[in-house]
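Structure at a glance
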Amino acid sequence: MVDRMEKRRVTIVATLRNSIGAVVIVGIALAALVVLSLLLSETPMKTLRYFFLGPVQNTYYFGNMLNMAIPLIFGGLGVSLAMRSGSFNLGGEGQLYSGAFVATISALALARWGSAGVVVALLLGTCTGGLLAALSGVLRMKWNTSELITSFLVSNAVVLVVSYLIAGPFMDPATNLIATRMIPESFRFTRILEPSNLSSALFAAVIAVLVVHLYLYKTKSGYELRLFGLNPRFAAYGGIRTKWYQVWPMFLSGAFYGLGGGMAIFGTYYACMKEFSTGMGWNGLAVALIARHRPGAVIPAALFFAYIESGARNAMLHSDVTFEIASIVQSVVFFLVTSAVLQKIGSVQRRSV
Amino acid sequence: MEHAVEMRGIVKIYPETGLRANDGVDLTLNKGQILCLAGENGAGKTTLMKVLYGLEKPDAGTISVMGNPVSITSPLQANRLGIGMVHQHFMLVDDFTVAQNVTLGKEPLKGRFSYDLKGAADAVDAVIRKHRFSIDATKRVGSLTVGQKQQVEIVKMLYRDVDILILDEPTAVLTEQEIESLFITLRALAEHGTSLILITHKLHEITTISDRVAIMRQGAMVGDFPTDSVDGKQISRLMMGQSVSLVVDRLPYTPVQHPVLRFDNVSVLKRNQQRPLLNGVSFTARSGEILGFAGVGGNGLGVLEAVLGGFLPISSGAIVHKDEDISRLDSHALRKRGLAYVPADRLQVGSALQAAVSENLIVDARNEFSRHGVMQRKKIEQHAQSLLKTYSVKGSPSMPIGTLSGGNIQKVILAREITQYQDYIVFSEPTWGLDIASSRFVYERMVQLRDEGAAVLLISSNLDEILAVSDRVIVMYRGTIVAVLESEELRHVTKEDMGAYMLGLRQQEAPHG
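Let me sum up the structure you'll find in this document.

Once that is clear, we can look at the overall build of chain B. Looking only at helices and strands, one finds 17 helices and 24 strands in chain B. Scaling as 2.2 N^0.38, a compact globule of 513 residues should have a C-alpha radius of gyration of about 24 Å, and chain B matches this with 25 Å. Dimensions along the principal axes, computed over C-alpha positions, put chain B at roughly 70 × 55 × 45 Å. In chain B, which comprises 513 residues, the share counted as buried stands at 46%. For chain B, restricting intrachain contacts to residue pairs at least 6 apart in sequence, the fraction spanning at least 24 positions comes to 71%.

Following this line, the structure appears as structure tokens:
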């Protein structure tokens, strides 16, 4: 019993130490935000107030912030899965956008299916994202091309193709927006915090985190994936199918992006607008980096990111901060989280043998 | 004669293992002399040369170059002092030309910033012509043969006006003709006044090329002679040492055996290489015996390990396990058939350092610890607990294995593989870097496995170990089997005889294991 508590204490201490890096990053990012506001705003106090308190001042903003975190959670999970297996997926933008698009047009085509249609449409979107990413995995397995480059390039091309499809064959002539038709009412997720946009997709995101956690740490496949990521030579030596684990994690990674795209449409947008998801893929990557590829940490990381983003929007609306300044602040955050040095602060160093 | 290099009392201790790689070593190199530094693997030759080249910082000792005491802290500084080193593994950029590779880091400039490509090609061409190398300065390095690449490495050093040149096992990857032309080059260099140190453990090379030979064993200098005053036997005796210090209790060798694993004329030839890594190797590993594979590093032991582990496909021949051809199987398929294997590289191959001990323990038995794809945490934990206890490993199941000591990591690997084995088990360099107690533990386990009826394949460049535990011994030299020693022969074989086989001085007629 005592032993058990001691063990728990050790785990908690280790977790805290491992989190120091993340805390430092958040701290520096917030400090940068203050400094930038002082420099760039005529009314820094007002700006800061909206930046920090804006997202939580009422249900509307708070709900929207949570809603914004949903695709980030899916993206963060996707990236984490790839990273855990030692692969890089930089194609989130295209995977999410195409997943959203395919889910939308499927929903339009399956309008009469009702709730079964929701599942099928989302699955199709998920598979679209997954297959796009898996392509890079296959290329790596066959010809040892860098999946980092190919996923990025494929994604860039796909974004243009999807934009063309939305603006061309699938455009809804009834609106002025460059967007597809709206999905049927029966496909839309319920709003759970009126008047905000927050929908029940939030529950799906939380469940997804749980599923990924269980997959990575409780299943045989997750075990093999992690070992392959930690040491591919050891995995091969132990008889793990290394070829499979160059493709499968990429598929999963893209699939979560695709699902995130579908969720954004069904929960928030209801129609696939041209370039509606710009930035979501990259932000998912940032979220995974802050979370250090741990599925459980993806939720707070995504919330942090959404908080910064909606803070920036709030400051934009209510004070003299421009869109550019808000973007600069976000860029600073992104820059900081990608610094591996800061990530390592306080983490338990492995003994060199 | 003036000394080019004088090293006195060099001590180098690796803090990770506490290993005294160099224990008060003295070495002098005269100007224009070719010195061979000989010794078994792990004797400390490379460490000593790394100290001279500024790659390792010595814990004690002094170095003087051309009579001046110096402290060498980096290869760059070594270059400035006129010392150059050609590593065993080439450090070249395949997509650059010879001239670009050679001038890398010391590029001739046009103006202040722009790289003078033409000037580089001319300068390198001048060096090549002066020393009569056979390479073209404008050719892409990727298109060269192994021998030519080595010439590029040497030219790289000569371009930097090096007059003391260290070559680490320069002949390891060369064909006979390439070795011959290398030796002509080296002699010409020595005549020009360059002083050379060759790290090698090949006797005939020592006698053909060197003026002097220095022999190291277990971190100490055990001999230093003019080459014409010693013969091969003497050198080999000094390299191998005298006594077999390891004795392991075991049951007498029982000849009631059946074949388990058979190699039939197996060869491995890699693309772009003329020399096969394994050349027509045939043997049979039988149940209830420890079959030892002896050899000096680079003569095929590592390749044999890779083939047995399923990492390296064979080019011809067949591998047969229990009457089934397993030549084409990869690690995954071999593991399914019950391959158990303790790899030489226990940190990079044998474990995932950041993963928990318990996770490391089940890698080849994943299926036994999962039901419907879900890992059985309790069972894994108990399995780890009991193995750690049986093998007296200091550590707990949830610790990352990388936090354990080298000896304990090896015990974890042994525990895993021994639990997993079905009828044969491969040990490669199982005691490398381990202390005496841990080594003893490994030997006892091997003998126990043999007594249980396993076919134990022991691949080791440690001759003491081979002689102490093997029931039969196969000696490899340049990828072929040069001798097979049956148990009765092993009783009266001397290390000198073994050394002669291992160093290619002697060969049995048509050996078949």
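The next point concerns the interface of chain B and chain A. Listed as interface residues are 29 residues of chain B and, on the opposing side, 20 residues of chain A. Counting residues per element, the ones that place at least two in the side of chain B that touches chain A are α10 (331-336) and β20 (374-375) of chain B. Broken down by element, the residue count for the side of chain B that touches chain A peaks at four residues, all from α10 of chain B. Grouping the amino acids of the side of chain B that touches chain A by side-chain chemistry returns 11 nonpolar, 12 polar and six charged.

Residue and element names in this part refer to chain B. On the basis of which strands lie adjacent, the open sheet formed by six strands has the order β6-β9-β10-β3-β11-β12 and mixed pairing. In this open sheet, the two strands that pair with only one neighbour each are β6 (83-86) and β12 (220-226). Taking the axes of each pair of neighbouring strands and ignoring which way they run, one obtains an average angle of 20 degrees across the sheet. Of the pairings in the sheet, the one linking strand β3 (residues 34-38) to strand β10 (residues 195-200) comprises five bridges and is parallel in character. In the sheet register, Cys-36 faces β10, and the bridge partner there is Leu-198. Sheet contacts for helix α6 (residues 176-191): β3, β9 (164-168) and β10; angle to β10, the most-contacted strand, approximately 145 degrees.

The next thing to look at is the nonpolar core. Core analysis: the largest hydrophobic core is formed by 256 residues, its most contacted members being Ile-73 of chain A together with Leu-52, Val-124, Val-456, Leu-457 and Leu-458 of chain B. Per-element accounting of this core gives the leading share, 15 residues, to helix α10 (residues 244-269) of chain A. Built from parts of two domains, this core gets at least three residues from each of domain 1 (3-240) and domain 2 (259-502) of chain B. Residues within four places of Ile-73 of chain A in sequence aside, it is in contact with Ala-205, Ala-208, Val-209, Val-298, Ile-299 and Ala-302 of chain A.

Reading the values: rules and limits
- Residues numbered from 1 in each chain as written.
- Chains lettered and ligands numbered in written order.
- Predicted model: local features only at pLDDT ≥ 70, side-chain atom pairs only at ≥ 80, totals over all residues.
- Helix = DSSP H or I, 4+ residues; strand = E, 2+ residues; numbered from the N terminus.
- Rg over C-alpha atoms; globule rule 2.2 N^0.38 Å.
- Buried ≥ 20, exposed ≤ 12 C-beta atoms within 10 Å, placed from the backbone.
- Contact = placed C-beta atoms within 7 Å.
- Nonpolar A, V, L, I, M, F, W, Y, C, P; charged D, E, K, R; others polar.
- Pairing = 2+ DSSP bridges.
- Axes fitted to C-alpha atoms, helices over the stretch in contact; angles between N-to-C directions.
- Core = buried A, V, L, I, M, F, W, Y, C linked by C-beta atoms within 7 Å.
- Domains from an automatic or database assignment.

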